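Chain residues, written in single-letter form:
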Amino acid sequence: MTDFRESLKDKKRIVVKIGSSSLQHAQTGNLDYAKLDILVRELCDLRNQGKDVVLVTSGAIAVGKKAVQLSDKTDDNPIAVKQAYAAIGQARLMMTYQKIFAEYNQVAAQILMTKYTIVDNLNRFNARNTFAELFKLGVIPIVNENDTVATHEIEIGDNDTLSAIVASLVDADLLLLLSDIDGLYTDDPHNNPDARYIEVVEELTQELMEMGKKTTGSDSGTGGMNTKLQAAKIASSVGIDMVIANSNDVRNIRRILDGKNIGTLFVANVDEQFDLPLYVQQMHVR
Ligand code: GLU
């Protein structure tokens, strides 16, 4: 295990994903600027070490909803309303990120993707080229799903999966999912006091994948353990290690890249048969 952790020190291209609930104050739903500031500083510091960094961030819908003062979560929100929130919130979210990245002399760019960015050959080719060019320029791409045109039921829908797709698209070395949990447990620790924490997963067994299906997501985002395990499956299949760690201290990013034993590490196992465009095309049809 120590060797797996040690190898994280050499990771050169890193995709970091942070979810909506990690970016907000739990009590008010407003953005947690102090946390955002530390997150951005950590990412800029990775760039300063010569690493390539991508940030996959949620929060568009949550921020948009706040901006128009709708704080109550209603389950019957029509998709169009969420898309309108996303249109408002994505711009606000980027404005906040741009401001903080600029404070650290870092240029950031926005990339909004849909399922078709991967499924369509020309779109995928273009997206890959854009990422490659941004890396050459030393710019940090900030990615979200293009919620204003994507319909959740038929699109990617959650940013855990999106981040794994992005990691695959850019040939990342490591995918880091920052979430409101410490990592993977043998059961839901909120309901089962005997749930055991797992430090490293060397093989994503069917049993583990089934276990994930029983968990639910948080209030703000869409990702529960199921989507995190789906992300691990994609990342692992294309040869990318993945870590799930708690976002309560975003300095965990540097600790993990220092080889510290934080979060659950999923060790990659390449699946030669894995075909990303085909996988994405068949998502939600399974
Ligand atoms: N793309 C959505 C947003 O930015 C969130 C998706 C997710 O929570 O995973 O609001």
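See above for the structure.
A few points on the structure. (Residues numbered from 1 in each chain as written. Predicted model: local features only at pLDDT ≥ 70, side-chain atom pairs only at ≥ 80, totals over all residues. Heavy atoms only, no water.)

1. So, the overall build of the protein chain
Item 1. Helices and strands together make up the secondary structure of the protein chain, namely twelve helices and ten strands.
Item 2. Here the protein chain has a C-alpha radius of gyration of 18 Å; the compact-globule value for 286 residues is 19 Å, and the two agree.
Item 3. With respect to the three principal axes, the spread of C-alpha positions in the protein chain is 50 × 45 × 40 Å.
Item 4. Evaluated residue by residue, the protein chain yields a buried proportion of 53% over its 286 residues.
Item 5. Expressed as a percentage of contacts within the protein chain between residues at least 6 apart in sequence, the contacts between residues at least 24 apart total 76%. (Helix = DSSP H or I, 4+ residues; strand = E, 2+ residues; numbered from the N terminus. Rg over C-alpha atoms; globule rule 2.2 N^0.38 Å. Buried < 20%, exposed > 50% of the residue type's maximum accessible area, 1.4 Å probe, protein only. Contact = heavy atoms within 4.5 Å.)

2. Details of the pairing of strand β1 (residues 13–18)
Item 1. Counting buried residues in β1 gives five out of six residues, a clear majority hidden from the surface.
Item 2. Two strands pair when backbone bridges link them, and β1 and strand β2 (residues 52–57) are joined in this way by six bridges, in the parallel orientation. Pairing of Arg13 across the sheet is with Asp52, part of β2.
Item 3. Sheet topology places β1 next to strand β5 (residues 174–179); five bridges connect them, and they run parallel. (Pairing = 2+ DSSP bridges.)

3. Here's the deal with the sheet that holds β1
Item 1. Taken together, the eight strands give an open sheet; going across it, the order is β3-β4-β2-β1-β5-β9-β10-β8, and neighbouring strands pair in mixed fashion. In the strand order of this sheet, the two ends are held by β3 (108–113) and β8 (200–201), each with one partner.
Item 2. Seen against the sheet, helix α7 (residues 121–137) touches β1, β2, β3 and β4 (140–145) and runs at an angle of roughly 170° to β3.
Item 3. Sitting on the sheet, helix α10 (residues 225–237) touches β5, β9 (241–246) and β10 (264–266), and the angle it makes with β9 is about 155°. (Axes fitted to C-alpha atoms, helices over the stretch in contact; angles between N-to-C directions.)

4. Structural notes on the pattern of salt bridges
Item 1. For the structure on display, the rule yields twelve salt bridges.
Item 2. We note a salt bridge from Lys17 to Asp160, for which the minimum N-O separation is 2.8 Å. Taken together, the positions of Lys17 in strand β1 and Asp160 in helix α8 (residues 159–169) put the pair 143 residues apart, joining distant regions of the chain. A single burial state applies to Lys17 and to Asp160, both of which are buried. (Salt bridge = Lys/Arg side-chain N within 4 Å of Asp/Glu carboxyl O.)

5. Considerations on helix α4 (residues 60–67)
Because each turn of an α-helix spans 3.6 residues, side chains separated by three or four positions end up pointing in the same direction.
Item 1. Residues of α4 that are buried include every one of Ala60, Ala62, Val63, Gly64 and Lys65, and no others.
Item 2. Those residues of α4 that are buried lie in contact with α5 (79–103) and β4.
Item 3. Positive phi shows up at Gln69, right after α4, with a value of about 65°.

6. Topic: α5
Item 1. Look at α5: 36 Å from first C-alpha to last across 25 residues, which is about the 36 Å you get at 1.5 Å a residue.
Item 2. Taken together, the buried positions of α5 are Gln83, Tyr85, Ala86, Gly89, Gln90, Leu93, Met94, Thr96, Tyr97, Ile100 and Phe101.
Item 3. Trailing α5 by a residue or two, Asn105 shows a phi angle of about 60°, which is positive. (Expected span 1.5 Å × (residues − 1).)

7. Observations concerning unusual backbone geometry
Item 1. Although it is not a glycine, Asn105 adopts a positive phi angle of roughly 60°.
Item 2. Here Asn105 shows up in the loop between α5 and β3.

8. Looking at the nonpolar core
Item 1. One finds Phe131 and Val166 to be the most contacted residues of the largest nonpolar core, which totals 48 residues.
Item 2. Contacts of Phe131, omitting those with residues within four sequence positions, involve Val54, Ile111, Met113, Pro141, Val143, Val166, Leu169 and Val170.
Item 3. Core analysis: the next-biggest nonpolar cluster, separate from the first, contains 36 residues, Leu174, Val200, Ala245 and Leu265 among them. (Core = buried A, V, L, I, M, F, W, Y, C linked by side-chain atoms within 4.5 Å.)

9. Quick notes on the environment of Glu199
Item 1. Tracing the chain through its elements places Glu199 in the loop between β7 (197–198) and β8.
Item 2. Here Glu199 falls in the partly exposed class, since its relative accessible area comes to 32%.
Item 3. For the pair Glu199 and Gly183, spaced 16 residues apart in the sequence, the C-alpha separation amounts to 7.7 Å.

10. Some words on the side chain of Ser179
Item 1. With respect to the element layout, Ser179 can be found in strand β5.
Item 2. A relative accessible area of 6% places Ser179 in the buried class.
Item 3. Here Ser179 is in contact with Ser22, Lys228, Ala245, Asn246 and Ser247, once residues within four sequence places are set aside.

11. As for the packing of α8 against α10
Item 1. Between α8 and α10, whose axes approach to 8 Å, the crossing angle comes to 10°. By the criterion of interaxial angle, the relationship of α8 to α10 is roughly parallel. Along the contact surface, α8 presents Asp160, Thr161, Ala164 and Ile165, while α10 presents Thr227, Lys228, Ala231, Ile234 and Ala235.
Item 2. Broken down by class, the residue content of the contact of α8 with α10 amounts to five nonpolar, two polar and two charged. (Parallel < 35°, antiparallel > 145°, perpendicular 65-115°, else oblique. Nonpolar A, V, L, I, M, F, W, Y, C, P; charged D, E, K, R; others polar.)

12. Focus: the environment of Asn121
Item 1. With respect to the helices, strands and loops of the structure, Asn121 is situated in helix α7.
Item 2. Given a relative accessible area of 53%, Asn121 falls into the exposed group.
Item 3. Remark: the alpha-carbon pair of Asn121 and Leu276, spanning 155 residues in sequence, is separated by 11 Å.
Item 4. Separated by 3.0 Å, the side chains of Asn121 and Arg124 make a polar contact. (Polar contact = N/O pair within 3.5 Å; in protein donor to acceptor, adjacent residues only side chain to side chain.)

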